[in-house]
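# Structural description and commentary
What follows is the residue order along each chain.
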Amino acid sequence: MLEWLVQLPVLLVTAGLVFVPGVLALWFVGLRGLPLLASAPIFTVAATAVIALLLGEVGVGWGPLPWAAAIAALTLLAALVGRWAVGRLDEGARSPVRWLLPAAIGVGVAMSTWRVVAYVQDPSGVSQTNDAVFHMNAVRYILETDNASSLHVNSVIGGRGFYPAAWHAVVSMIVLLTGAEITTAANMLTLVIAAMIWPLGIAWLTRAVTTSSTVAAYAAVLSGALQTFPLLMFQWGVLFPNALSTAMIPAAVALVITVPRWIGATRPVAHVVRIALLILVAVSAILLAQPAAILPWMAISAGWVTFQIFVRRAEWGATRVVGALVVLWAVVGGVWLYLAQGTSGSHWAPFRGKLEVFLDVLFNGQVLIPFAFGISILMLIGLVVAARVATLRWFVFAWAGISALYLLVAAVGAPMVRVGLLGAWYADPYRIAALAPIVVIPIAAIGADAVTRAVAARMRRPTEPMSTLVGLAASVVFMIVLITVRPVAMPAVTQGTYDRESRYVAAADAYLNPDERELLESLDELVPADARVIGNPSTGSGFGYFLSGIDVYPRTWAAPRTPDWNILAVGLRDAATDPAVCSALMAYGNPQYVVDFGAGEDGPGRYIMPGMTDFAGQPGFELVNSVGDDASLWRITACAQ
């Protein structure tokens, strides 16, 4: 814990970076209180990613001053829009105890912080996962090229075109503002996403759905109860962009469903423009963080709009109702199909039986996570309550829709489903499982409130405020017990196994162990600045670029699928006797160094490359440095001209 306290200044800067620009801009627009705090990160993320795009297009370097100047300009624009439109958002939801909801949010923040810190352990730790290689290298690339544009970042691995880089832009700005290591900046943003953006967003969504600050308080306390989000996104992958985009969905949905609650807007046209701009900001934030998250946002929002249309069906008439619904869901379906077809398709097969998958949904045990009985009982009670209340019924359908996505990804193998419907997530069950808490937590909060009221009524006690305080206290105790006792092992659905240790722990047998990290961090002292170093990315060598600044190839977890690389993978160590090896090296810029971290491993996204290890005693290789028994750097002399 002491190491985290030392990094408190970096955490404060990260929180300020994420919240302050949005608070300033959206206060001028007319947001106050919880909606202001919950939606502030949406503005900051959207603004940062858009600014990065614009600066990249006009050739201005990425840095704190250009970013701050652009943020100031956008804040001024927000002030002008707010002055033109007039009015503010008033949800009309108040608690008998004014400090109740802020205190509950504070508890939710503390609980989520506890869970993330306990899992990550080291504030400078790097996730021992495939995707972490790309994400860390992408941030390094931004810092070296002064360009955080989503049209530029993909070139870190030689790619071209759009890649959602909002997360990377924010992390790079944290590094520029604080001087922190990339890993530390990434982990501080992880804390902000999991323990600030998410609890605030889920509390606002719950209040927007129920119009009750009391129910929102339960949601805030319970916000970190499920492993599926936010923790799972920092275990699996690691899926930093998905975590950021998913964490923003609740506030983005709340922004839509609170549209009728704006008051004092005396200029209808200006008010419509303001609402349109706010929704555009939310869409931009999600798309530039991870586009797939726009689909559940659209579907849940469209569900609420559908409910509103049905409420007004008598005054609208059948023709207008049908027409509006057809247009609405045609747009949702069109965007859904477009994003599904715009990816590389399904990478995952079904892994659960039909009965098992229903139990997973009912007891929140997605992707083989142990059933969450406590929160699930509250959820089931909440579903019954919500189904009986006309204004809440639409949210039951939202829960059913999100649950149906998991049912499909876990148990249905039809190509049309896996590619046509689930392709935006690569049919990855982890990414889809992470959506469940968006609907489960608010419904569980409804259940918790219902249980509290029922107990208070049975005991003939007043339901407010004392019974609420007791109910919330019980929820806090539940969370403390849950976080203290319940394991958060990372399940592997393809192997049916669990990682008992944190994926941030650099053990001796880790993807990137301490000896390997030490060697990679020293590369800038061992090789020329313009040198290229190759290695088997399945051994953690891909982290070399971000750790040293030296061009360590490949810069991602995946090896090139080319005949030349196949030659190196099998026979690099035979370079002195096999002329084909030197020819293959020429295809990759004739690298003169290779790191040897072993043969690799066999598993998803991992490869065994026997030709890229055991260079000792081989002609044509000269030892440059070694750390421990298994990490070494070699000069390739066999192909010297």
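Read on for an overview of the structure. Given the structure is predicted, the values throughout are model-derived calculations rather than measurements. (Residues numbered from 1 in each chain as written. Predicted model: local features only at pLDDT ≥ 70, side-chain atom pairs only at ≥ 80, totals over all residues. Heavy atoms only, no water.)

Within the protein, the secondary structure is distributed over 27 helices and 11 strands. Its C-alpha atoms give the protein a radius of gyration of 26 Å, near enough to 26 Å, the size a compact globule of 641 residues would have. When the backbone C-alpha atoms are referred to their principal axes, the protein occupies close to 85 × 55 × 50 Å. A burial count over the protein gives 56% of its 641 residues as buried. The positive charge centre, built from 35 side chains, and the negative charge centre, built from 36, are 24 Å apart in the protein. (Helix = DSSP H or I, 4+ residues; strand = E, 2+ residues; numbered from the N terminus. Rg over C-alpha atoms; globule rule 2.2 N^0.38 Å. Buried < 20%, exposed > 50% of the residue type's maximum accessible area, 1.4 Å probe, protein only. Lys, Arg positive; Asp, Glu negative; His and termini not counted. Charge placed at Lys NZ, Arg CZ, Asp CG, Glu CD.)

Right, let's talk about helix 6 (residues 130-145) for a bit. Structural remark: α-helix, 3.6 residues per turn; residues separated by three or four positions point the same way. Taking 1.5 Å per residue as the helical rise, helix 6 with its 16 residues ought to reach 22 Å, and the 24 Å between its terminal C-alpha atoms agrees with that figure. What helix 6 keeps buried is the set Asn130, Ala132, Val133, Phe134, His135, Met136, Asn137, Ala138, Val139, Tyr141 and Ile142. Tucked inside the fold, the buried residues of helix 6 contact helix 7 (166-178), helix 8 (182-210), helix 11 (240-257), helix 25 (544-548) and strand 9 (606-608). (Expected span 1.5 Å × (residues − 1). Contact = heavy atoms within 4.5 Å.)

Our next topic: the pairing of strand 11 (residues 631-636). Most of strand 11 sits out of view: five of its six residues are buried. Pairing analysis gives four bridges linking strand 7 (residues 593-596) to strand 11, with the strands arranged antiparallel. Of the residues in strand 11, the one forming a bridge with aspartate 596 is serine 632. Linking strand 10 (residues 621-627) to strand 11, which pair antiparallel, is a turn of three residues; within it glycine 628 sits at a positive phi near 70 degrees. (Pairing = 2+ DSSP bridges.)

Turning to empty space enclosed by the protein, a few remarks are in order. Following the criterion strictly, the structure yields seven cavities of 30 Å³ or more and no others. Going through the elements one at a time, helix 18 (393-411) and helix 21 (436-458) are the ones with two or more residues in the lining of the largest cavity. Of all the elements, helix 18 adds the most residues to the lining of the largest cavity, at four residues. (1 Å grid on protein atoms, 1.4 Å probe; cavity = no way out; pocket = protein on both sides within 12 Å on 5 of 7 lines; lining within 4 Å. Points joined across faces, edges and corners; volume = space filled by probe spheres on them.)

This part is about the packing of aromatic side chains. Scanning all chains against the criterion turns up 21 aromatic pairs. Ring centres of tryptophan 198 and phenylalanine 229 lie 4.7 Å apart, and the angle between their planes is 65 degrees; on these two criteria the pair is classed as edge-to-face. On the criterion of sequence distance, the pair formed by tryptophan 198 in helix 8 and phenylalanine 229 in the loop between helix 9 (213-222) and helix 10 (231-235) is long-range, its members being 31 residues apart. The pair formed by tryptophan 198 and phenylalanine 229 is uniform in burial state, with each residue classed as buried. An aromatic cluster is defined as three or more aromatic residues linked by ring pairs; in this entry it consists of Trp167, Phe234 and Phe240. Taking the ring centre of tyrosine 545 as reference, the NZ or CZ of arginine 555 above it sits at 3.9 Å. (Phe/Tyr/Trp six-rings, centres within 6.5 Å; stacked < 30°, edge-to-face > 60°. Lys NZ or Arg CZ within 6 Å of the ring centre and 35° of its normal.)

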